[in-house]
Amino acid sequence: GAVVSQHPSRVICKSGTSVKIECRSLDFQATTMFWYRQFPKQSLMLMATSNEGSKATYEQGVEKDKFLINHASLTLSTLTVTSAHPEDSSFYICSAREGQGWYEQFFGPGTRLTVL
Amino acid sequence: EDQVTQSPEALRLQEGESSSLNCSYTVSGLRGLFWYRQDPGKGPEFLFTLYSAGEEKEKERLKATLTKKESFLHITAPKPEDSATYLCAVQVSGAQKLVFGQGTRLTINP
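If you're wondering where the values come from, they're calculated on a predicted model, not measured in any experiment.

Another point: the nonpolar core. In terms of nonpolar packing, the biggest core is built from 25 residues, with A:Val4, A:Trp35, A:Phe67, A:Leu79, A:Tyr92 and A:Leu113 touching the most fellow members. If you list the elements that add at least two residues to this core, you get strand S2 (10-13), strand S3 (19-25), strand S4 (32-38), strand S5 (45-51), strand S7 (67-73), strand S8 (76-81), strand S9 (90-97) and strand S11 (111-115) of chain A. Among residues more than four places away in sequence, those in contact with A:Leu79 are A:Val19, A:Lys20, A:Ile21, A:Trp35, A:Phe67, A:Leu68, A:Ile69 and A:Tyr92. Counting residues in hydrophobic clusters, the runner-up holds 24 residues, among them B:Tyr25, B:Leu62, B:Tyr86 and B:Cys88.

Printed below as a string of structure tokens:
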């Protein structure tokens, strides 16, 4: 099956700093990547959709200046949490899809962000 | 509004006790329905895609079925390693994103 990796798997940072999370599709070209966040015992909440070479589309209520998404290549997307605060602490998961049609989304292992 | 509802929220079974998880959906147009398994602290793992009513897919002890209103994930003679949260998601026609249900937390006791 398709493999998606994320780095780092876990990060702890101080309030006010910025954190970058990488998402890579290892064995396929991902025309579309998605970023989710998940709080304990809750389902996934979509933050944004990014198509390679285009600006990301953010879901309602997600601050695009705080959560910067870059999808510069067909195998890499990054999420930067700028000026992180404790309320940004969460589990961030990316997914990738090969085509823009109805192809399956494959998920990365997730990144646990803790902001002190 | 497109909605996906999973039931039950949590389910405890004894090892070998077969059961079914339900995913009902109300969408403007169904492009595909997906089942994922998620273990604590990990990303969802893809299980099945179903595209049209009447379709069925199987993988080991799991079987997914689809009607025009809902999908079932049947688990036959489960083992403790089947314990996980099972997520159902739909892709609506004309949209790229998935709409997720809240998940069913399945626990299989030995």
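A separate point is the packing of aromatic side chains. Going through the model one piece at a time under the given rule, you end up with nine aromatic pairs over all chains. Ring centres of A:Tyr36 and A:Phe107 lie 5.4 Å apart, and the angle between their planes is 45°; on these two criteria the pair is classed as tilted. Of this pair, A:Tyr36 sits in strand S4 while A:Phe107 sits in strand S10 (residues 106-107); the two residues are 71 residues apart in sequence, bridging distant segments of the chain. Classification of A:Tyr36 as buried rests on a relative accessible area of 0%. Between A:Tyr36 and B:Phe100, the aromatic rings sit 5.8 Å apart at their centres with planes inclined by 90°, giving edge-to-face as the arrangement. Of the two residues, A:Tyr36 is situated in strand S4 and B:Phe100 in strand S10 (residues 98-100); the pairing between them involves two chains. On the basis of relative accessible area, B:Phe100 is assigned to the buried category, the value being 10%. Cluster of aromatic residues (ring-pair linked, three or more members): A:Phe28, A:Tyr36, A:Phe106, A:Phe107, B:Tyr36, B:Phe46 and B:Phe100.

Below, the discussion takes up the pairing of strand S7 (residues 62-66) of chain B. Residue and element names in this part refer to chain B. For S7, the tally of buried residues reaches four of five residues, placing the bulk of the element in the interior. Connecting strand S6 (residues 56-59) to the antiparallel partner S7 that follows it, the hairpin turn spans two residues, and Glu60 within it adopts a positive phi of roughly 55°. Note: S7 against strand S8 (residues 70-75), five bridges, orientation antiparallel. In the strand pairing of S8, Lys63 is matched with His74. Connecting S7 to the antiparallel partner S8 that follows it, the hairpin turn spans three residues.

A few words now on the state of the cysteines. The tally for this structure, following the rule as stated, stands at two disulfides over all chains. Paired through a disulfide, B:Cys23 and B:Cys88 show a sulfur-sulfur distance of 1.9 Å. One disulfide, between B:Cys23 and B:Cys88, carries an S-S torsion of -60° and so falls in the left-handed class. On the criterion of sequence distance, the pair formed by B:Cys23 in strand S3 (residues 19-26) and B:Cys88 in strand S9 (residues 84-92) is long-range, its members being 65 residues apart. Each member of the pair, B:Cys23 as well as B:Cys88, carries the same accessibility label: buried. Among the cysteines around A:Cys13, which has no disulfide bond, A:Cys94 carries the closest sulfur, lying 18 Å off. A:Cys13 sits in the buried class, given a relative accessible area of 9%.

Let us look at the interface of chain A and chain B. Bring the parts together and some accessible area is lost; that lost area is often taken as the interface size. With 23 residues of chain A at the interface, the matching set in chain B holds 19 residues. Both sides of the chain A and chain B interface together cover about 1700 Å² of buried area, and 52% of this is carbon and sulfur. Across the chain A-chain B interface, the total number found is one salt bridge. Note that A:Glu59 is salt-bridged to B:Lys97, the shortest N-O span being 2.9 Å.

As a further point, take the pairing of S11(A). Residue and element names in this part refer to chain A. Judged by which residues are buried, S11 turns out to be one-sided: Thr111, Leu113 and Val115 face inward and are buried, whereas Arg112 and Thr114, on the alternate face, are not. Note that S2 and S11 share four bridges and pair parallel. In the strand pairing of S11, Ile12 is matched with Thr114.

About the cut-offs
- Residues numbered from 1 in each chain as written.
- Chains lettered and ligands numbered in written order.
- Predicted model: local features only at pLDDT ≥ 70, side-chain atom pairs only at ≥ 80, totals over all residues.
- Heavy atoms only, no water.
- Core = buried A, V, L, I, M, F, W, Y, C linked by side-chain atoms within 4.5 Å.
- Buried < 20%, exposed > 50% of the residue type's maximum accessible area, 1.4 Å probe, protein only.
- Helix = DSSP H or I, 4+ residues; strand = E, 2+ residues; numbered from the N terminus.
- Contact = heavy atoms within 4.5 Å.
- Phe/Tyr/Trp six-rings, centres within 6.5 Å; stacked < 30°, edge-to-face > 60°.
- Pairing = 2+ DSSP bridges.
- Disulfide = S-S within 2.5 Å.
- Buried area = accessible area lost by both parts, 1.4 Å probe.
- Salt bridge = Lys/Arg side-chain N within 4 Å of Asp/Glu carboxyl O.

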